Amino acid sequence: MNYDVIIVGAGPAGLSFARILKGTDLKIAMIERSSLASIEDPAEDGREIALTHATVKLMKDLGAWDRIGVDGISPIKTAKVFNGDSTYSLDFVRPTETMEALGYLIPNHLIRKSFYEEVATMGNVEILAETSVDNVSTNEKEGVVTLSSGEKLHAPLIVAADSRFSNTRRQMGVGAHMQDFSRTAIVCRMEHEVDHEQTAFECFHYGKTMALLPMKGHMSSVVITINSQKSGALLAMSDEEFNQQIFEWFGNRLGKISLVGKRHSYPLVAVHADNFVANRYAVLGDAAVGMHPVTAHGFNLGIRGADVLAREMKAAIKQGKDFSDISVLKKYEKDHMHVTKFLYYGTNNIVGLFTTETAPAKIARKALLHVANNFPPLKSMITGKLTEAEESGKLHLLPPMPPLPPLPFSKRFNDIFHTKLP
C-alpha cells in the first residue's frame with residue numbers, strides 16, 4: 001500500500017500532527033496497536049495534563065478545544081511550591097489581570113478523544129488499529145513499514161509518535177539520552193473539604209514529591225512521585241489508609257481528603273532523542289522528548305513539535321518542493337531541538353536537586369525558592385516558560401538562556417550537591 005505519510009502511533013502527538021496536516025490532501029496512514037474503540041473513546045488513565053496558552057491556542061485553531069467542553073477544562077489561576085516541611089512557598093500568579101489563568105488542566109483521555117474526533121472528519125486519513133510494526137527502513141526514494149502481518153506500507157515520509165521507548169527510533173539508528181529516576185508516579189483524583197481556589201500545589205517533601213492540581217469543584221488531581229521500592233506499599237493501601245496518608249503529607253490545607261476512582265502508576269523515565277530526523281524519517285511527541293512531569297511540558301512540547309514539522313512540510317509543498325527531503329526535516333529538528341534541549345536537561349537537574357536529600361542540596365533548595373520569589377525578572381521568566389503566553393512574555397527582563405551542556409552541568413551538580421557534610 002502506498003501513502004504520502006505514515007504515522008506510527010495514534011496518541012495525542014500523532015493525532016494532532018495528522019489534524020494539523022488537514023488541507024494538504026496528503027494520503028496519511030496511522031498505525032496503532034490499540035483497538036479502534038479505545039481510540040474513539042479512551043479510558044480515563046489518571047493523567048491530567050496542564051496546558052500552556054500556546055497549546056490552548058493551537059487546540060482552538062484545530063477545533064479540538066471546543067470538543068472537550070467546559071466541564072473538562074479547569075483553569076489554574078495560581079501555583080504554590082513548597083520545600084520539605086516548610087510553610088514558605090514560591091508563589092506564581094497571573095502576570096496580568098486580563099489573563100484568565102496560568103494554564104489549564106484537562107484529562108489526557110479527553111485530549112486524545114477530541115483530536116480523534118477531528119481526525120475522523122478527514123477523508124485522507126486511514127487508521128490501522130490493532131496493528132503493530134515489525135520493522136521500519138528508508139532508502140533514497142521512500143520509507144517502508146513492515147507490519148506484523150507481513151504487509152508492507154510505502155511512503156516518502158515516516159513519522160514516529162510511538163512513545164518514549166520507540167522501537168522505530170531504535171530501528172532507524174537514532175540514539176537517545178534516557179534518564180531513569182528510579183521513581184514511580186502514582187496519580188489519582190481526590191475530593192477535599194476546602195476549596196482549592198484553582199490553586200496548584202507542588203510539595204517537594206524529603207523522599208517524595210506531591211502535587212495537587214485543581215479540577216472542577218472540590219476535586220484535585222493528585223500526583224505522588226516516590227522511590228519505586230516504596231510505591232507498592234502506597235498502591236496496596238486500602239482507600240481509608242491512602243486517604244489518611246495523603247492528609248498527613250499534605251497537612252490540613254484542604255481539610256479531609258478522599259480518593260475518587262482508581263490509583264494509576266507510571267515509571268518515571270525521561271528521554272531525549274539525539275536527533276529528531278533521519279532520511280525520510282522524523283520523531284514526534286514522547287518519541288522525540290519524554291519529559292519528567294514536574295514542569296508539565298510533555299504534551300505541550302508534543303503538539304509544538306507537530307506544529308513545527310507540519311508547518312515546514314506545508315511550506316515545502318507550497319514551494320513545489322519535496323516535503324520529505326532531509327533539508328525540510330532538518331528545519332524542524334533545528335527549531336524544536338533549540339527549545340527542548342534546555343527544558344529537558346534543565347528539568348532533569350532541577351528534579352535531581354529537589355529529590356536529593358544531602359544537606360547541601362537541602363540548603364540550595366531553600367535558597368533557590370527564596371531567590372526566585374524575590375527576584376522579579378527571574379520569576380517573570382519562569383512564569384513565561386510555564387504559561388507560554390504573550391502577555392507573560394512581555395514581562396521578560398532577562399535575555400534567553402542558552403542551552404546548558406548536559407554533562408558538565410550534571411557533573412557540577414553531582415560534585416556539589418551529592419557531597420555529604422562531615
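What you see is a predicted model, and the numbers here were worked out from it, not measured in a lab. (Residues numbered from 1 in each chain as written. Predicted model: local features only at pLDDT ≥ 70, side-chain atom pairs only at ≥ 80, totals over all residues. Heavy atoms only, no water.)

Visitor: Could you give an account of unusual backbone geometry, with specific residues and numbers?
Guide: For Glu-197, which is not glycine, the phi torsion reads 55° and is therefore positive. One can find Glu-197 in the loop between β13 (176-192) and β14 (199-205). With relative accessibility at 60%, the residue Glu-197 sits in the exposed group. The backbone phi angle of Gln-198 is positive, close to 55°, even though this residue is not glycine. Looking at where Gln-198 falls in the secondary structure, it is placed in the loop between β13 and β14. (Helix = DSSP H or I, 4+ residues; strand = E, 2+ residues; numbered from the N terminus. Buried < 20%, exposed > 50% of the residue type's maximum accessible area, 1.4 Å probe, protein only.)

Visitor: Any chance you could break down the environment of Glu-117 for me, citing the residues and the numbers?
Guide: By the element assignment, Glu-117 lies in helix α5 (residues 108-119). Of the residues examined, Glu-117 reaches a relative accessible area of 24% and is grouped as partly exposed. Separated by 102 residues in the primary sequence, Glu-117 and Leu-15 place their C-alpha atoms 9.6 Å from one another.

Visitor: Account for the packing of aromatic side chains, with residues named and values stated.
Guide: Inspection of every chain in the model, using the stated rule, returns five aromatic pairs. Cation over ring: Lys-27 sits above Tyr-3, and NZ or CZ is 5.0 Å from the ring centre. It is Arg-253 that lies over the ring of Phe-250; its NZ or CZ is 5.1 Å from the centre. (Phe/Tyr/Trp six-rings, centres within 6.5 Å; stacked < 30°, edge-to-face > 60°. Lys NZ or Arg CZ within 6 Å of the ring centre and 35° of its normal.)

Visitor: I'd like to hear about the packing of helix α1 (residues 12-20) against helix α9 (residues 298-318), residue by residue, with values.
Guide: Contact geometry of α1 with α9 gives a least axis separation of 9 Å together with a crossing angle of 30°. If you check the angle between α1 and α9, you find them roughly parallel. Handedness of the crossing formed by α1 with α9: right-handed. Taking contact as the criterion, the partners of Pro-12, Ala-13, Ser-16, Phe-17 and Ile-20 in α1 are, on α9, Phe-299, Ile-303, Ala-306, Asp-307, Leu-309, Ala-310, Met-313 and Lys-314. When its residues are assigned to classes, the contact of α1 with α9 shows 10 nonpolar, one polar and two charged. (Axes fitted to C-alpha atoms, helices over the stretch in contact; angles between N-to-C directions. Parallel < 35°, antiparallel > 145°, perpendicular 65-115°, else oblique. Left-handed = near helix turned anticlockwise from the far one by under 90°. Contact = heavy atoms within 4.5 Å. Nonpolar A, V, L, I, M, F, W, Y, C, P; charged D, E, K, R; others polar.)

Visitor: Outline the side chain of Ser-132, supporting the account with residue identities and numerical values.
Guide: The residue Ser-132 is located in the loop between β8 (125-128) and β9 (133-138) in this model. For Ser-132, the contacting residues outside a window of four places in its chain are Arg-33, Leu-147 and Ser-148.

Visitor: So what's going on with the pairing of strand β7 (residues 103-107)? Which residues, and what values?
Guide: Taken across its five residues, β7 has five buried, putting it largely inside the fold. Neither face of β7 is open: one carries Gly-103, Leu-105 and Pro-107, the other Tyr-104 and Ile-106, and all of them are buried. As judged from the four bridges shared by strand β3 (residues 48-51) and β7, these two strands associate in the antiparallel manner. Its bridge partner being in β7, Ile-49 is matched across the sheet by Ile-106. Two strands pair when backbone bridges link them, and strand β4 (residues 74-76) and β7 are joined in this way by three bridges, in the antiparallel orientation. Along β7, the bridge assignment pairs Ile-76 with Gly-103. (Pairing = 2+ DSSP bridges.)

Visitor: Please give an account of the side chain of Glu-202 that cites residues and values.
Guide: Structurally, Glu-202 can be placed in strand β14. With near-sequence residues (within four places) excluded, Glu-202 lies in contact with Lys-80, Val-81, Phe-82, Thr-209, Met-210, Ala-211 and Val-294.

Visitor: Residues and numbers for the sheet that holds β7, please.
Guide: Spatial strand order, β3-β7-β4: three strands in an open sheet with antiparallel pairing. In this open sheet, the two edge strands, each paired with only one partner strand, are β3 and β4. Shown here is a sheet whose adjacent strand axes are inclined to one another by a mean of 30°, direction ignored. Docked against the sheet, α5 engages β3 and β7, running at close to 85° with respect to β7.

Visitor: Just give me the short version of the pattern of salt bridges, but keep the residues and values in it.
Guide: A complete count under the given rule lists 16 salt bridges for this structure. A salt bridge links Asp-61 to Lys-57; its shortest N-O distance comes to 3.1 Å. Of this pair, Asp-61 and Lys-57 both sit in helix α3 (residues 53-62), four residues apart, roughly one helical turn. Accessibility expressed as a relative area gives 52% for Lys-57, which makes it exposed. Between Arg-311 and Asp-307 there is a salt bridge, with the nearest N and O atoms lying 3.8 Å from each other. Residue Arg-311 and its partner Asp-307 are both found in helix α9; the two are separated by four residues, about one turn of the helix. Owing to a relative accessible area of 40%, Arg-311 belongs among the partly exposed residues under this scheme. (Salt bridge = Lys/Arg side-chain N within 4 Å of Asp/Glu carboxyl O.)

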